[in-house]
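What the coordinates show
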Amino acid sequence: MAVSKKPAAKKPAAKPAAKKAAAPAKKPAAKKAAPAKKAAAAPAKKAAAAPAKKAAPAKKPAAKRTPNAAFMKPMTPSATLAAVIGDKAVPRTEVTKKVWDYIKKNNLQDAKNKRMINADDKLKAVFAGKKQVSMFEMTKLVSAHLS
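Attention here is on the structure that accompanies the text.

Procedures and definitions
- Residues numbered from 1 in each chain as written.
- Predicted model: local features only at pLDDT ≥ 70, side-chain atom pairs only at ≥ 80, totals over all residues.
- Heavy atoms only, no water.
- Core = buried A, V, L, I, M, F, W, Y, C linked by side-chain atoms within 4.5 Å.
- Buried < 20%, exposed > 50% of the residue type's maximum accessible area, 1.4 Å probe, protein only.
- Helix = DSSP H or I, 4+ residues; strand = E, 2+ residues; numbered from the N terminus.
- Contact = heavy atoms within 4.5 Å.
- Arc of directions from axis to C-beta.
- Axes fitted to C-alpha atoms, helices over the stretch in contact; angles between N-to-C directions.
- Parallel < 35°, antiparallel > 145°, perpendicular 65-115°, else oblique.
- Left-handed = near helix turned anticlockwise from the far one by under 90°.

**Quick notes on the nonpolar core**
By size, the foremost hydrophobic cluster in this structure holds 21 residues, and its most contacted members are Phe 127 and Met 138. Breaking this core down by element, the ones donating at least two residues are helix H3 (79-85), helix H4 (92-105), helix H5 (121-126) and helix H6 (135-143). The element that contributes the greatest number of residues to this core is H4, accounting for 5 residues. With residues near it in sequence (within four places) discarded, Met 138 still touches Val 99, Trp 100, Ile 103, Ile 117, Phe 127 and Val 133.

Laid out in structure tokens, this is it:
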């Protein structure tokens, strides 16, 4: 019985070697067929994608956004903020725009870190005496001067 086991062990080892030899012959044929399939599939994908793009803009006009009333309510600036943006009552969105216009006009944005605002004398009063604030902190400090 020991004799029959040895030849059986050798036969499976020979079969994978035969499969390996056969595999390289099949690979070049598969590579030649693959580009033809890709070329045929590519126009179908483009044709299918074009109608999908046309359908997307139709959804945009259906959903209209209305502005939040709280942002549009005119707010009266304090005397210190009025020195920067004017004393006229304006919505919060306009206050932010006017503060940024002042910052850009006077070149107060930090050159190295654009998120930081360097305060001049007028803005230092608005920024609670701070010499430099981040743009995110700026909106918090400015809102304290609105009523």
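Having seen it, we continue.
**Points about H6**
Restricting attention to buried positions, one finds in H6 the residues Met 138, Leu 141 and Val 142. One side of H6 holds all its buried residues, which, seen down the axis, span an arc of 95°. Opposite the packed face of H6, turned more than 90 degrees from it, sit the exposed residues Phe 136 and Lys 140. On its buried side, H6 packs onto H3, H4, strand E1 (116-118), H5 and strand E2 (132-134).

**Concerning the packing of H4 against H6**
A pair of packed helices is captured by two measures, namely the crossing angle of their axes and the spacing between those axes. Between H4 and H6, whose axes approach to 11 Å, the crossing angle comes to 125°. One finds that H4 runs oblique with respect to H6. For the element pair H4 and H6, the recorded crossing hand is right-handed. Contacts between H4 and H6 pair Arg 92, Val 95, Val 99, Trp 100 and Ile 103 from the former with Met 135, Met 138, Val 142 and Ser 143 from the latter.

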